[in-house]
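Analysis of the macromolecular model
In case you want the letters, here they are:
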Amino acid sequence: MMMTAEQLVAAHKANVETLFGLTQKAFEGVEKLVELNLQVAKASLAEAAEHAQAALSVKDAQELLALQASLLQPSAEKAAAYSRHVYDIASHTNAEINKIAEAQIADVQKKFLAVVDNAVKNAPAGTESAVALVKSAVAAANNAFETVHKAAKQAAEVAEANIQAVTNSAVKAAQQAPRPKRSA
């Protein structure tokens, strides 16, 4: 069965709209990352000024060591928080792109099945076994795709849970690290 010119134009239009939708989601993710990095840069600059002032007010080596040690824990916590923010942005962007892609794939599958059904209805007499074979192959391909898709989703969920656990462990370890006492 051939596609009509209208169907071809409609398919191209849908593909272009999907492409622009995917591009928009990707740019939104990049925009969030840029915004996060600007916030981190501003905060880091302010902290560097504070740390420089604190270092200039140190009176001896022991006080300098205590100052340096006291700055390590917040740095570890901030690094873990930054990593988590980056992961959240990437995860959210990926989920949005997957949602668009899944809708597009479902639409393509639906249209393909309609073409197969139409071909089956118009099949010449005596081709029932070939038609049954085509229907069986289409069903098997759909089942295989769904199985792979579910496995990929489960793997992503496990990875996200592992990243969350590692981040939480890093933050807890940083919080429980002994803080050196400053000498007066």
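Just so it is clear, the model here is predicted, and its values are computed rather than measured.

A few words on the side chain of Thr 93. Note on placement: Thr 93 falls in helix H2 (residues 61-121). The contacts of Thr 93, once residues within four sequence positions are left out, are Lys 25, Ala 26 and Gly 29.

Now for H2. Working note: α-helix, 3.6 residues per turn, so residues spaced by three or four point in the same direction. The end-to-end C-alpha distance of H2 is 89 Å, a good match for the 90 Å that 61 residues give at a rise of 1.5 Å each. Within the sequence span of H2, burial applies to Ala 66, Leu 67, Gln 73, Ala 80, Arg 84, Ile 89, Thr 93, Glu 96, Gln 104 and Val 116. Put simply, Asp 60 is the residue that caps the front of H2, since its side-chain oxygen is 3.3 Å from the backbone nitrogen of Gln 62.

It is worth spelling out the confidence of the model for the protein at this point. When pLDDT is averaged along the protein, the result is 81; 91% of the residues meet or exceed 70. Mean pLDDT across the elements of the protein bottoms out in helix H3 (residues 128-176) (76) and peaks in helix H1 (residues 5-56) (88).

Turning to the pattern of salt bridges, a few remarks are in order. Inspection of every chain in the model, using the stated rule, returns five salt bridges. Among the salt bridges present, the one from Glu 96 reaches Lys 25, with a minimum N-O distance of 3.5 Å. Of this pair, Glu 96 sits in helix H2 while Lys 25 is found in helix H1, placing the two residues 71 residues apart along the sequence. Ionic pairing is found between Glu 47 and Lys 78, a salt bridge with its closest N-O pair at 2.5 Å. Here Lys 78 lies in helix H2 and Glu 47 lies in helix H1, a separation of 31 residues in the sequence. With a relative accessible area of 24%, Glu 47 lands in the partly exposed category. Given the relative accessible area of 42%, Lys 78 is considered partly exposed. Through salt bridges with shared partners, a single ionic network connects Lys 25, Glu 28, Glu 96 and Lys 99.

Further remarks concern the layout of surface pockets. Sizing a probe to match a water molecule and rolling it over the atoms shows the empty space that remains. Considering only enclosed or pocket space, the second largest pocket measures out at about 360 Å³ in volume. Lining the second largest pocket are 15 residues; nearest its centre among them are Asn 94, Ala 95, Asn 98, Lys 153 and Ala 156. Contributing elements (two or more residues each) for the lining of the second largest pocket: H2 and H3. Ranked by residues supplied to the lining of the second largest pocket, first place goes to H2 with eight residues.

Direction vectors running N to C along H1 and H2 enclose 175 degrees, while the axes themselves pass 9 Å from each other. Here H2 runs roughly antiparallel to H1, going by the angle between their axes.

Here we take up a nonpolar patch on the surface. A contiguous nonpolar surface patch, about 390 Å² in accessible area, is contributed by Phe 27, Val 30, Val 34 and Leu 38. Topologically, Leu 38 is positioned in helix H1.

Along its 52 residues, H1 runs 76 Å from first to last C-alpha, staying within 8% of the 76 Å computed at 1.5 Å per residue. By the burial criterion, the buried members of H1 are Thr 18, Gly 29 and Leu 36. The inward-facing, buried residues of H1 contact H2.

What counts, and where the lines are drawn
Residues numbered from 1 in each chain as written. Predicted model: local features only at pLDDT ≥ 70, side-chain atom pairs only at ≥ 80, totals over all residues. Heavy atoms only, no water. Helix = DSSP H or I, 4+ residues; strand = E, 2+ residues; numbered from the N terminus. Contact = heavy atoms within 4.5 Å. Expected span 1.5 Å × (residues − 1). Buried < 20%, exposed > 50% of the residue type's maximum accessible area, 1.4 Å probe, protein only. Polar contact = N/O pair within 3.5 Å; in protein donor to acceptor, adjacent residues only side chain to side chain. pLDDT = per-residue confidence, 0-100. Salt bridge = Lys/Arg side-chain N within 4 Å of Asp/Glu carboxyl O. 1 Å grid on protein atoms, 1.4 Å probe; cavity = no way out; pocket = protein on both sides within 12 Å on 5 of 7 lines; lining within 4 Å. Points joined across faces, edges and corners; volume = space filled by probe spheres on them. Axes fitted to C-alpha atoms, helices over the stretch in contact; angles between N-to-C directions. Parallel < 35°, antiparallel > 145°, perpendicular 65-115°, else oblique. Patch = residues over 30% accessible without salt bridge, like charges linked within 9 Å, V, L, I, M, F, W, Y side chains within 5 Å. Areas by Shrake-Rupley, 256 points an atom, 1.4 Å probe, with all protein chains shown as cover.

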